[in-house]
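Analysis of the macromolecular model
Spelled out, the chains give:
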Amino acid sequence: MGKKKPPVKVIVLDILKPHKPDIIELSRVICGIKGISKVTINVYATDEKTESIKATIEGSDVNFEKIKKDIEDYGAVIHSIDNVRTGK
Amino acid sequence: MQRLFLNFFKIIKEEKIARRYFIMNSFDGILSVLGILFAAFFSSKFSSNLIIISGIGVGIAMFVSGIYGAYVTERAERKKDLIALEKHLIKKLDGTRIKKRQKALIFAIALIDGIAPLFNILVILFPFFLSRANIIPFFYAFIFSFIITAIALFSLGFFLAKIAKENVLLNGLKAIVAGIAIGLIIFLFEKIKII
């Protein structure tokens, strides 16, 4: 029996997304994922077709793979994981 | 099925282009059938059956051309946009919600484009169905159809003015003038025996 990995509490993602869905809808999508209780999104660059955003995702057990899968379904791409906080 | 309908209406509500197509093609349908009505009225050689067949013939043609035209045009335009977006994202969007939504949107727009003229034509022709069933006299069918047409045109003008926050009454009347213009032109053509 392997030891249970400590859960991720906070993760900051750098994401490139189309203008639609907007950040309100995207934050709701992420916040709807099990184990996530708070999502903060900041837009730091916008061009004709896309927006670059920083999403700070907090919760009791933040599942990165699930977030990645869900937001990619909306056409967004994760560029990098910029910050992570893990704790028991 | 219910979800499909809800999605359909959600898309129509969100996408202003669907509204535009609906109004534009409603005008086309109304004015086309009005042409038939005026021609029939002035020539006095028509029967309810002939008006219904002519009107529905135009309606079906507009239904097919609307669906096909909008589908092909929207598909090409949206595909171009999607390719541009994929280039920006450096990622294929196959299987994503964006692509699925786009497909649903193209179908919804095509359907609206086709249904709008046919629906309006059927409503305007309704009195002639009553006349064919001997419920109202042939002449009354004309009167009722012209009244329905005037109401439909006024409603479209009214609705457009409401969107643009303009004078709703004036715009409603302007739309009716477009219908009267058709009548006048056909009347003149009939008088100088061109048709």
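Preceding block: the structure.
First, a word on what this report is: a plain description of the structure on this page. Model, not experiment: these values are computed from the prediction.

Let us now look at the packing of aromatic side chains. Residue and element names in this part refer to chain B. All told, the structure shown has 14 aromatic pairs over all chains when counted by the stated rule. Relative to Phe-138, the ring of Phe-128 lies with its centre 6.0 Å away and its plane at 65°, an arrangement referred to as edge-to-face. Of this pair, Phe-128 sits in helix α4 (residues 97-132) while Phe-138 sits in helix α5 (residues 138-164), placing them 10 residues apart in sequence. On the accessibility criterion, Phe-138 (30% relative accessible area) is partly exposed. Seen from their ring centres, Phe-128 and Phe-142 are 5.2 Å apart, and the 85° between their planes marks the pair as edge-to-face. Taken as a pair, Phe-128 in helix α4 and Phe-142 in helix α5 lie far apart in primary sequence, 14 residues in all.

Residue and element names in this part refer to chain A. Position of Lys-54 relative to the elements: it lies in strand β3 (residues 50-59). Residues Lys-54 and Asp-14 lie 40 residues apart in sequence; the distance between their C-alpha atoms is 4.8 Å. Residues in contact with Lys-54, not counting those within four places in the same chain, are Val-12, Leu-13, Asp-14, Thr-40, Ile-41, Asn-42, Tyr-44 and Asp-82. One polar contact links Lys-54 to Asp-14, side chain to side chain, over a distance of 3.0 Å.

Right, let's get into the pairing of β3(A). All names here are of chain A. Summarising burial for β3: seven of the 10 residues are buried, a large majority. In the sheet, strand β2 (residues 36-46) pairs with β3 via nine bridges, with the strands oriented antiparallel. Bridge pairing links Val-43 to Ile-53 in β3. In textbook terms, the turn of a hairpin is the stretch between consecutive antiparallel strands, and for β2 and β3 this stretch comprises three residues.

Another point: the layout of surface pockets. All names here are of chain B. Its boundaries defined by the atoms lining it, the second largest pocket holds a volume of some 270 Å³. Lining the second largest pocket we find 13 residues, and of these Arg-75, Lys-79, Leu-82, Lys-99 and Gln-102 sit closest to its centre. Broken down by element, the lining of the second largest pocket gets its largest block of residues, six residues, from helix α3 (residues 48-89). Counted by class, the lining of the second largest pocket contains five nonpolar, one polar and seven charged residues.

Let us look at the pattern of salt bridges. Residue and element names in this part refer to chain A. Within the structure shown, the criterion is met by nine salt bridges over all chains. The shortest N-O distance in the salt bridge between Lys-17 and Glu-51 comes to 2.7 Å. Of the two residues, Lys-17 sits in strand β1 (residues 8-18) while Glu-51 sits in strand β3, which places them 34 residues apart along the sequence. Classification of Lys-17 as buried rests on a relative accessible area of 1%. Taking the relative accessible area as the measure of exposure, Glu-51 reaches 14% and is therefore buried. The residue Lys-54 makes a salt bridge to Asp-82 at a minimum N-O spacing of 2.1 Å. With Lys-54 in strand β3 and Asp-82 in strand β4 (residues 77-86), this pair connects stretches of sequence that are 28 residues apart. Under the relative-accessibility criterion, Lys-54 is labelled partly exposed at 27%. Connected through salt bridges with shared partners, the residues Asp-14, Lys-54 and Asp-82 form a single ionic network.

Criteria and thresholds
Residues numbered from 1 in each chain as written. Chains lettered and ligands numbered in written order. Predicted model: local features only at pLDDT ≥ 70, side-chain atom pairs only at ≥ 80, totals over all residues. Heavy atoms only, no water. Phe/Tyr/Trp six-rings, centres within 6.5 Å; stacked < 30°, edge-to-face > 60°. Helix = DSSP H or I, 4+ residues; strand = E, 2+ residues; numbered from the N terminus. Buried < 20%, exposed > 50% of the residue type's maximum accessible area, 1.4 Å probe, protein only. Contact = heavy atoms within 4.5 Å. Polar contact = N/O pair within 3.5 Å; in protein donor to acceptor, adjacent residues only side chain to side chain. Pairing = 2+ DSSP bridges. 1 Å grid on protein atoms, 1.4 Å probe; cavity = no way out; pocket = protein on both sides within 12 Å on 5 of 7 lines; lining within 4 Å. Points joined across faces, edges and corners; volume = space filled by probe spheres on them. Nonpolar A, V, L, I, M, F, W, Y, C, P; charged D, E, K, R; others polar. Salt bridge = Lys/Arg side-chain N within 4 Å of Asp/Glu carboxyl O.

These results come straight from atomic positions and should not be treated as a statement about function.
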